Amino acid sequence: FARKMNEAFPLVFDLLSSKIMADVLESIGFLSLASSFGLPRSAEGVRQTLVLIWSKEAVVKQAVSNAFQTLYMTPPSLGAAVPDRAKVLFAAKSVIGLLEDVTLAEALAVEEILRELSKSLPLGPFADALFDIFMGRVPGASSLERQSAVHALSMLTPEHVGPLRAHVSALLSRGLTGQTDGCYHTARYTIIAVQHMLQAKKGSTGCDAERVPAAHPLVQRIMRYVLTQPLPEETWFATAETAINAIYAVAENPDVCANFMIRASAAKLFPQYAAFRLDEPAAG
């Protein structure tokens, strides 16, 4: 029986791209059920269903969201009541496990699925669990798991990570100082997560979040990381782009920050500019 089931997977994978809606929906349902039973190759199939969240058909998008919620956000029922904390930790660890080895397309799909689920699920406790794992408050989390935790945290909307705004300083200290694995990905995800926290609307009034001054310690810490961290060229540009996007999203007078970063970088690359006063605006 198991052998016959395994032989069916290639056909099911092909049906995911069928033009017949019923074929696609049945394939999603089959792969979701197969994954819940731990059948070989089912995980491969589930990953292929993720990108179907971009389908133009609402029923397909809904089927993908439902399958994701069942597999990754809902702990299996063992006949006993599951504490709320255990539920959110299960969801956090499941999504973290998925993100440990994903392609860019799959990661973007997971982000979109979480955005869709946020319309009907309260993801605040989920964000809290991810934050706790990244900060080392959950025993046994590996360095890769902590990186995936902040990756997932960066995918959540300002609405859901906003309550963590009070902890952005601790998050930056953890993510930008190499206390995890020194991977530049961790820094990029940390900066994005902080950006979303600072963009959250204020309180129950729903007022837009206030921008922070360019001289704010959080902005300065992000700038300092980009300017001082010895990153390889191919990773420095991506990190700098993420930092600049965040600064323009949350800081007052972001052009002042950009000007400083450009002049500081020029002073490092070209000795003839080293005499420039980087704490003063350029003349003219």
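Residues numbered from 1 in each chain as written. Predicted model: local features only at pLDDT ≥ 70, side-chain atom pairs only at ≥ 80, totals over all residues. Heavy atoms only, no water.

To continue, consider the confidence of the model for the protein chain. Summarising the model, the protein chain shows a mean pLDDT of 87, and 88% of its residues fall at 70 or more. Note that residues 280-284 has pLDDT below 50 and, in this model, five contacts with residues that lie over four places away or in other chains. (pLDDT = per-residue confidence, 0-100. Contact = heavy atoms within 4.5 Å.)

All right, on to the environment of alanine 63 then. Along the chain, alanine 63 falls in helix α4 (residues 58-73). The spacing of alanine 63 and leucine 52 is eleven residues in sequence and 9.2 Å in space, taken between C-alpha atoms. Once you skip the residues sitting within four places of it in the chain, alanine 63 turns out to touch Leu25 and Ile28. (Helix = DSSP H or I, 4+ residues; strand = E, 2+ residues; numbered from the N terminus.)

Judged by side-chain polarity, Val51, Trp54, Leu104 and Leu108 come together as a nonpolar surface patch covering roughly 410 Å² of accessible area. Tracing the chain through its elements places tryptophan 54 in the loop between α3 (42-50) and α4. (Patch = residues over 30% accessible without salt bridge, like charges linked within 9 Å, V, L, I, M, F, W, Y side chains within 5 Å. Areas by Shrake-Rupley, 256 points an atom, 1.4 Å probe, with all protein chains shown as cover. Salt bridge = Lys/Arg side-chain N within 4 Å of Asp/Glu carboxyl O.)

Attention shifts here to the side chain of serine 65. On the secondary structure map, serine 65 appears in helix α4. Once residues within four sequence positions are removed from consideration, serine 65 is found in contact with Ile53, Ile113, Glu116 and Leu117.

Counting 84 residues, the largest nonpolar core has Ile28, Phe68, Phe126, Leu153 and Leu156 as the members making the most contacts within it. Setting aside residues up to four positions removed in sequence, leucine 156 forms contacts with Leu114, Leu123, Phe126, Ala127, Leu130, Val161 and His196. (Core = buried A, V, L, I, M, F, W, Y, C linked by side-chain atoms within 4.5 Å. Buried < 20%, exposed > 50% of the residue type's maximum accessible area, 1.4 Å probe, protein only.)

A few words on helix α11 (residues 184-199). The end-to-end C-alpha separation of α11 is 23 Å, in line with the 22 Å expected for 16 residues at 1.5 Å each. Most of α11 sits out of view: twelve of its 16 residues are buried. Of the positions making up α11, those classed as buried are Tyr184, Thr186, Ala187, Tyr189, Thr190, Ile191, Ala193, Val194, Gln195, His196, Met197 and Leu198. As for α11, its buried residues are in contact with α7 (124-134), α8 (143-155), α9 (158-161), α10 (168-175), α12 (217-228) and α13 (233-250). (Expected span 1.5 Å × (residues − 1).)

The next thing to look at is the packing of α8 against α11. At a closest axis distance of 8 Å, the pairing of α8 and α11 adopts a crossing angle of 35°. Seen from above, α8 lies across α11 with left-handed handedness. Residues Gln147, Val150, His151, Leu153 and Ser154 of α8 form the contact with α11, whose own contacting residues are His185, Thr186, Tyr189, Thr190, Ile192, Ala193, His196 and Met197. In terms of residue class, the contact of α8 with α11 is built from six nonpolar, seven polar and no charged. (Axes fitted to C-alpha atoms, helices over the stretch in contact; angles between N-to-C directions. Left-handed = near helix turned anticlockwise from the far one by under 90°. Nonpolar A, V, L, I, M, F, W, Y, C, P; charged D, E, K, R; others polar.)

Turning to the pattern of salt bridges, a few remarks are in order. With the rule as written, the count across this model stands at seven salt bridges. Between arginine 85 and aspartate 132 there is a salt bridge, with the nearest N and O atoms lying 3.0 Å from each other. On the criterion of sequence distance, the pair formed by arginine 85 in helix α5 (residues 84-99) and aspartate 132 in helix α7 is long-range, its members being 47 residues apart. Of the residues examined, arginine 85 reaches a relative accessible area of 41% and is grouped as partly exposed. Overall, the relative accessible area of 13% leaves aspartate 132 in the buried class. Notably, a salt bridge pairs glutamate 111 with arginine 115, separated by 3.5 Å at the nearest N-O pair.

Within the secondary structure, serine 265 sits in helix α14 (residues 254-269). At 2.8 Å, the side chain of serine 265 and the backbone oxygen of methionine 261 are in polar contact. Serine 265 has contacts with Leu227 and Trp236, leaving out every residue within four places of it along the chain. (Polar contact = N/O pair within 3.5 Å; in protein donor to acceptor, adjacent residues only side chain to side chain.)

Contact geometry of α12 with α14 gives a least axis separation of 10 Å together with a crossing angle of 25°. Between α12 and α14, the angle is such that the two are roughly parallel. You can see that α12 and α14 cross each other, and the crossing is right-handed. From α12, Val219, Met223, Val226, Leu227 and Thr228 reach across to α14, where they touch Cys257, Phe260, Met261, Ala264, Ser265 and Lys268. Taken together, the residues of the contact of α12 with α14 sort by class into eight nonpolar, two polar and one charged. (Parallel < 35°, antiparallel > 145°, perpendicular 65-115°, else oblique.)

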